[in-house]
Amino acid sequence: MAQLEVDVVATDRQAWSGTAVSVSAPSVAGQIGILPGHTPLLAVLGKGTVRVLTGQGEPFEVEISGGFLSVDENLVTVVADEVTAKG
C-alpha cells in the first residue's frame, strides 16, 4: 500500500515526521486532502487543523496559524507559523 512521507514543522521546531495514508490541511481557498499519488502542489495555509492519518492508523492533529504545504512525489511538507497541540 502506497504511503506518504510527512513532515510537519513550525518555524522553531519539528512537530511530527513519519509515514501517513492521508493528510488534510486548511488552505486559504478551502480544505485540502492529500492521498498517495497526489500531483505536485504548493498551497498557502490558513488558520485551522492539520490532520494526519499515520501509517499505523493513528490520527495526529495540530492547530496551525498559517503557513504553506507542499506535495512532491508522496512527500508532504507542512511549514506553519505556529503549531499547537490539539486537545
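The structure under discussion appears in the preceding block.
Fair warning: this is a prediction, and the values are worked out from it, not measured in the lab.

Rules used in this analysis
Residues numbered from 1 in each chain as written. Predicted model: local features only at pLDDT ≥ 70, side-chain atom pairs only at ≥ 80, totals over all residues. Heavy atoms only, no water. Helix = DSSP H or I, 4+ residues; strand = E, 2+ residues; numbered from the N terminus. Buried < 20%, exposed > 50% of the residue type's maximum accessible area, 1.4 Å probe, protein only. Contact = heavy atoms within 4.5 Å. Pairing = 2+ DSSP bridges. Salt bridge = Lys/Arg side-chain N within 4 Å of Asp/Glu carboxyl O. Core = buried A, V, L, I, M, F, W, Y, C linked by side-chain atoms within 4.5 Å.

On to the overall build of the chain, then. A count of helices and strands for the chain gives 0 helices and 9 strands. Ordered by position from N to C terminus, the α and β elements of the chain give β-β-β-β-β-β-β-β-β. A principal-axis box enclosing the C-alpha atoms of the chain has dimensions of 30 × 25 × 20 Å. Relative to its 87 residues, the chain shows a buried fraction of 40%. Of the contacts made within the chain by residues no fewer than 6 positions apart, 44% connect residues no fewer than 24 positions apart.

Attention shifts here to the pairing of strand 8 (residues 75-80). Looking at chain direction, strand 1 (residues 4-10) and strand 8 are connected through 6 bridges and run parallel. By the bridge assignment, Val9 is partnered in strand 8 with Val79. With 6 bridges joining them, strand 7 (residues 67-72) and strand 8 adopt antiparallel strand pairing. Residue pairing for strand 8: Ser70 is matched across the bridge by Thr77.

Glancing now at unusual backbone geometry. Note: most peptide bonds trans; most residues except glycine with negative phi. A positive phi angle is found at Glu73, which is not glycine, with a value near 50 degrees. A positive phi angle is found at Asn74, which is not glycine, with a value near 65 degrees. Note that Asn74 resides in the loop between strand 7 and strand 8.

Moving on, we get to the pattern of salt bridges. According to the stated counting rule, one finds 1 salt bridge in the structure shown. With its nearest N and O atoms 3.1 Å apart, the salt bridge here joins Arg51 to Glu61. Of the two residues, Arg51 is situated in strand 5 (residues 48-54) and Glu61 in strand 6 (residues 59-64); the sequence distance between them amounts to 10 residues.

To continue, consider the nonpolar core. Ranked by internal contacts, the top residues of the largest apolar core, which has 23 residues, are Val6, Ile34, Val52, Leu69 and Val76. Elements represented by at least two residues in this core include exactly strand 1, strand 2 (14-27), strand 3 (30-34), strand 4 (41-45), strand 5, strand 6, strand 7 and strand 8. Those residues in contact with Val76, other than ones at most four positions away along the chain, are Leu4, Glu5, Val6, Asp7, Val23, Ile34, Leu69, Ser70 and Val71.

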